[in-house]
Amino acid sequence: MIDPQDITGLVLAGGRGSRMGGVDKGLQTLQGVPLALHALLRLQPQVGATLLNANRNLAAYESFGVPVWPDALPDFPGPLAGFLAGLEHCETEWLITVPCDTPRFPEDLVRRLADAAEAAGAEIAMPVTEEDGQPQVQPVFCLMKASLLESLVRFTGEGGRKIDRWAAQHRRVEVPFADAAAFFNANTLAELRQLDA
């Protein structure tokens, strides 16, 4: 069994927020609390240590009380840059990433991904939900071995930006989660208001 203490949790809040009009998405509030803080508080009981990936308003994020690391790559290249920053600063055997805009992800997310990774001998585990009868992988929720750092440095160095393309190079397992709504993410201010309803 993978001990939660051997897993570092990383909240990804480093995006441009372009679909929210360029605002810093992680600092938009839900019930008076910043989205990234919701995600952090939900993640902390599931892991040993936590980190945050952000590229703007670093002081605001640092006030959450965990280490904050900007992207390891320039120009907001996407979630893999956050993965890379997390892996570079991960001191445990495993890293789990969660996006800042999905505040209600499952409270047993890490345990279930870790159990499946161990059972399958996998290096990467991702949740999969069903949407309109189709399987939908949730790649930004990614449990990965910290030893994959070198592979990700190489992949991003060659211009790779897609999580699934990188993950496909490794032993990975997809873990079914029945509650698709738990993975609802607020990409726009209207979707954020839906969460608040």
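Scroll up to find the structure.
Here's a quick rundown of the structure. (Residues numbered from 1 in each chain as written. Predicted model: local features only at pLDDT ≥ 70, side-chain atom pairs only at ≥ 80, totals over all residues. Heavy atoms only, no water.)

### Here we look at the overall build of the chain
Here is step 1 of the chain: The secondary structure content of the chain amounts to seven helices and 10 strands.
Here is step 2 of the chain: Rg of the C-alpha trace for the chain: 16 Å, near the compact-globule value of 16 Å for 197 residues, within the 12% margin.
Here is step 3 of the chain: Here the C-alpha coordinates of the chain stretch approximately 40 × 35 × 30 Å along the principal axes.
Here is step 4 of the chain: By residue count, 49% of the 197 residues in the chain fall in the buried class.
Here is step 5 of the chain: When contacts within the chain are restricted to residue pairs at least 6 apart in sequence, long-range pairs at least 24 apart make up 70% of them.
Here is step 6 of the chain: Taken as a whole, the chain presents about 9100 Å² of accessible surface, with 49% of it coming from carbon and sulfur.
Here is step 7 of the chain: Put simply, the chain has 16 plus and 25 minus side-chain charges, and the middle of one group is 5 Å from the middle of the other. (Helix = DSSP H or I, 4+ residues; strand = E, 2+ residues; numbered from the N terminus. Rg over C-alpha atoms; globule rule 2.2 N^0.38 Å. Buried < 20%, exposed > 50% of the residue type's maximum accessible area, 1.4 Å probe, protein only. Contact = heavy atoms within 4.5 Å. Areas by Shrake-Rupley, 256 points an atom, 1.4 Å probe, with all protein chains shown as cover. Lys, Arg positive; Asp, Glu negative; His and termini not counted. Charge placed at Lys NZ, Arg CZ, Asp CG, Glu CD.)

### Things to note about the packing of aromatic side chains
The relation between two aromatic rings is expressed through the spacing of the ring centres and the mutual angle of the planes.
Here is step 1 of the chain: Summed over all chains, the structure comprises four aromatic pairs.
Here is step 2 of the chain: Residues Tyr61 and Phe64 carry aromatic rings whose centres are separated by 5.7 Å and whose planes lie at 85° to one another, so their mutual orientation is edge-to-face.
Here is step 3 of the chain: With a centroid separation of 5.1 Å and 90° between ring planes, the pair formed by Phe141 and Phe183 is classed as edge-to-face. Here the residue Phe141 occupies a position in the loop between strand 8 (134–137) and strand 9 (142–145), and Phe183 occupies one in the loop between strand 10 (172–176) and helix 7 (189–196), the gap between them amounting to 42 residues. Across this residue pair, the class does not change: Phe141 and Phe183 are buried. (Phe/Tyr/Trp six-rings, centres within 6.5 Å; stacked < 30°, edge-to-face > 60°.)

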